[in-house]
Amino acid sequence: DQQVKQNSPSLSVQEGRISILNCDYTNSMFDYFLWYKKYPAEGPTFLISISSIKDKNEDGRFTVFLNKSAKHLSLHIVPSQPGDSAVYFCAAAPPPNAGNNRKLIWGLGTSLAVNP
Amino acid sequence: NAGVTQTPKFQVLKTGQSMTLQCAQDMNHNSMYWYRQDPGMGLRLIYYSASEGTTDKGEVPNGYNVSRLNKREFSLRLESAAPSQTSVYFCASSDNSGRAGNGELFFGEGSRLTVL
């Protein structure tokens, strides 16, 4: 059973508009949530994260919102650019006291296409 | 700083052949991971090494073996390759020393393996 779910396999938006990528999780013990971006033929790269004690984290055009009561987070990209076209993975981190078993739990990804 | 380096980037094997994927990181991370990525399946953990001298199975370990050669290097071996192992393989590392942090992983560029 998936603990981290990205229910939209794909999303298409116009350049300049907002992209909203969603992620749901089931385990309330997750400590951090991370977004990764992956271009074809490259490894995933870290984009932004949010601590479970926060409800918003912003970095330039990228903002992540966390709704703990709904066990839901979203990544907003404003304005969207063609270079943002990639697969976006949501991941959740168990708390630091998991120690050596602190493995990220991954969603299946959402493919974003930003059209010029 | 090269980060995480994987070799080879591409490999074609025949069913039954063996091969080893090499991975090295220069960030002094204690944890290393091997993932495979298949269409629609996201990133699936094959094996991980929480620290030098330890290895553990992930979600999809069957058909693979690993060796944590030292703190820098973590190799993945296919003893008898099967077509089902055709995939893109990613090595990653993290500083999972138990300290607080977001659990971020750093990925290599990937190794594309085709088994005929």
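Above: the structure in question.
Residues numbered from 1 in each chain as written. Chains lettered and ligands numbered in written order. Predicted model: local features only at pLDDT ≥ 70, side-chain atom pairs only at ≥ 80, totals over all residues. Heavy atoms only, no water.

Caption draft 1: Examining the overall build of chain B more closely. In terms of regular secondary structure, chain B is built from zero helices and 11 strands. N-terminal to C-terminal, the α/β element order of chain B is β-β-β-β-β-β-β-β-β-β-β. For chain B, the spread of C-alpha atoms along the principal axes amounts to about 45 × 30 × 25 Å. Expressed as a percentage of its 116 residues, the buried residues of chain B come to 50%. (Helix = DSSP H or I, 4+ residues; strand = E, 2+ residues; numbered from the N terminus. Buried < 20%, exposed > 50% of the residue type's maximum accessible area, 1.4 Å probe, protein only.)

Caption draft 2: Geometry of the packing of aromatic side chains. Under the counting rule described, the total for this entry stands at 14 aromatic pairs over all chains. Ring centres 5.9 Å apart and planes at 75° place the aromatic pair Tyr36 of chain A and Phe46 of chain A in the edge-to-face group. One end of the pair, Tyr36 of chain A, is in strand 4 (residues 32–38); the other, Phe46 of chain A, is in strand 5 (residues 45–51), and 10 residues separate them in sequence. Relative accessible area serves as the criterion here: at 28%, Phe46 of chain A is assigned to the partly exposed category. Ring geometry for Tyr35 of chain B versus Phe107 of chain B: centroids 5.8 Å apart, planes at 45°, classification tilted. Residue Tyr35 of chain B is found in strand 4 (residues 31–38), and its partner Phe107 of chain B is found in strand 10 (residues 106–107); the two are separated by 72 residues along the sequence. With respect to burial, Tyr35 of chain B and Phe107 of chain B carry one shared label: buried. (Phe/Tyr/Trp six-rings, centres within 6.5 Å; stacked < 30°, edge-to-face > 60°.)

Caption draft 3: Molecular detail of the state of the cysteines. All names here are of chain B. Overall, the coordinates contain two disulfides over all chains when judged by the stated rule. Two residues share a disulfide in this structure: Cys23 and Cys91, whose sulfurs sit 1.9 Å from each other. An S-S torsion of about -75° defines the bridge between Cys23 and Cys91 as left-handed. Here Cys23, found in strand 3 (residues 19–25), pairs with Cys91, found in strand 9 (residues 87–94); they are 68 residues apart in sequence, far enough to count as distant. Across the pair, exposure class does not vary: Cys23 and Cys91 are buried alike. (Disulfide = S-S within 2.5 Å.)

Caption draft 4: Structural detail: the interface of chain A and chain B. On the side of chain B, 25 residues touch chain A, which itself brings 23 residues to the contact. Across the interface of chain A and chain B, roughly 1,900 Å² is buried in total on both sides, 56% from carbon and sulfur atoms. Counting across the interface, chain A meets chain B through zero salt bridges. One can count four residue pairs in polar contact (both at pLDDT 80 or more) joining chain A with chain B. Residue assignment for the side of chain A that touches chain B shows that the elements contributing at least two residues are strand 4, strand 5 and strand 9 (86–93) of chain A. Tallied by class, the residues present in the side of chain A that touches chain B amount to 12 nonpolar, six polar and five charged. (Contact = heavy atoms within 4.5 Å. Buried area = accessible area lost by both parts, 1.4 Å probe. Salt bridge = Lys/Arg side-chain N within 4 Å of Asp/Glu carboxyl O. Polar contact = N/O pair within 3.5 Å; in protein donor to acceptor, adjacent residues only side chain to side chain. Nonpolar A, V, L, I, M, F, W, Y, C, P; charged D, E, K, R; others polar.)

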